[in-house]
Amino acid sequence: MSIGISRTKRGRCGVGDYYLWIKALHVISIIAWMAGMLYLPRLFVYHCAAERGSVQSETFKVMERRLLKAIINPAMGGTWIFGIAMIALNPDLMKGQGWLHAKLALVLLMSGVHGVLGKHVRLFANDANTKPAKFFRILNEVPTVLMIGIVILVIVRPF
């Protein structure tokens, strides 16, 4: 049984209206999460060029920490919370929806990349990074590829 998404005749909000609000918050969270996931590895690329202990390096540390703690972490949490809420309100989404299962697998991978980026924020903060800028240029492409797959699965629903 799917949730109706229209307003009742008297203009009151039904469960479907809450679903749409949750869906909107889910999309907003995704946008914020992806913005951070695409920007943070670029900061790492530039941070690699900064001399350890320099003013520039210390500035990158602040930027990286704030981006992770104030934007990326809460946005990932919102993405997961609102996504799970949508499934809880409409559990039929999980029945015979191969595209959704594949999407969830890619979101799990994205969460893993998030963890890797968090690890590198800590390494840079401790002046312990050993990876070259090229590593972060390549790592920067991973969220993009995952995002493309997720969007195709959600919009096209190929299976």
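Along each chain, residues carry numbers from 1 onward, in the same order as the chain's sequence is written. Two thresholds apply to this predicted model, a pLDDT of at least 70 for residue-level local features and 80 or more for giving and counting side-chain atom pairs, whereas whole-chain, interface and lining totals are computed over all residues. Side-chain metrics in this entry use all non-hydrogen atoms of the structure; hydrogen atoms and water are not considered.

1. Some details on helix α2 (residues 55-89)
Where helices and strands are cited, they refer to DSSP runs of H or I of at least four residues and of E of at least two residues respectively, numbered from the N terminus. Given the number of residues in a helix, its expected span is that number minus one, multiplied by 1.5 Å. The end-to-end C-alpha distance of α2, which contains 35 residues, comes to 50 Å, matching closely the 51 Å that a straight helix rising 1.5 Å per residue would cover. Bend is the name given here to the angle between axes fitted to two runs of seven residues, the run ending at a residue and the run starting at it. Of all the bends found along α2, the most pronounced is centred on L68 and spans about 35°. Any residue under 20% of the maximum accessible area for its type is buried, any over 50% is exposed, and the rest in between are partly exposed; the area is computed with a 1.4 Å probe on protein chains only. Among the residues of α2, those classed as buried are S57, F60, K61, E64, L67, L68, I72, A75, G78, T79, G83 and M86.

2. Description of the nonpolar core
Ranked by internal contacts, the top residues of the largest apolar core, which has 32 residues, are W33, M37, L40, F44, I72, M110 and L117. Of all the elements in the fold, those that place two or more residues in this core are α1 (15-49), α2, α3 (98-125), α4 (133-139) and α5 (141-156). Throughout, a residue-residue contact means that at least one pair of heavy atoms, one from each residue, lies within 4.5 Å. The contacts of M37, once residues within four sequence positions are left out, are I72, M110, V113, H114, L117 and P143. By nonpolar core is meant a set of buried Ala, Val, Leu, Ile, Met, Phe, Trp, Tyr and Cys residues that side-chain atoms within 4.5 Å join together.

3. What about the packing of α2 against α3?
With axes taken as lines fitted to C-alpha atoms, and helix axes fitted only over the stretch in contact, angles between N-to-C directions fall between 0 and 180 degrees. Relative orientation of the contacting elements α2 and α3 amounts to 160°, with a least axis distance of 11 Å. By the angle between their directions, the pair α2 and α3 is classed as roughly antiparallel. Two packed elements cross with a definite hand, and for α2 against α3 that hand is left-handed. Of the residues in α3, those in contact with K61, E64, R65, L68, I72, N73, M76, W80 and I87 of α2 are L100, L104, V107, L108, S111, H114, G118, V121, F124 and A125. Residues are grouped as follows: nonpolar covers Ala, Val, Leu, Ile, Met, Phe, Trp, Tyr, Cys and Pro; charged covers Asp, Glu, Lys and Arg; every other residue, Gly included, is treated as polar. Of the residues that constitute the contact of α2 with α3, the class distribution is 12 nonpolar, four polar and three charged. Throughout, the term roughly parallel applies to angles under 35 degrees, roughly antiparallel to angles over 145, roughly perpendicular to angles from 65 to 115, and oblique to all others. By convention, the crossing between two helices is left-handed when the near helix turns anticlockwise from the far helix through less than a right angle, and right-handed when the turn is clockwise.

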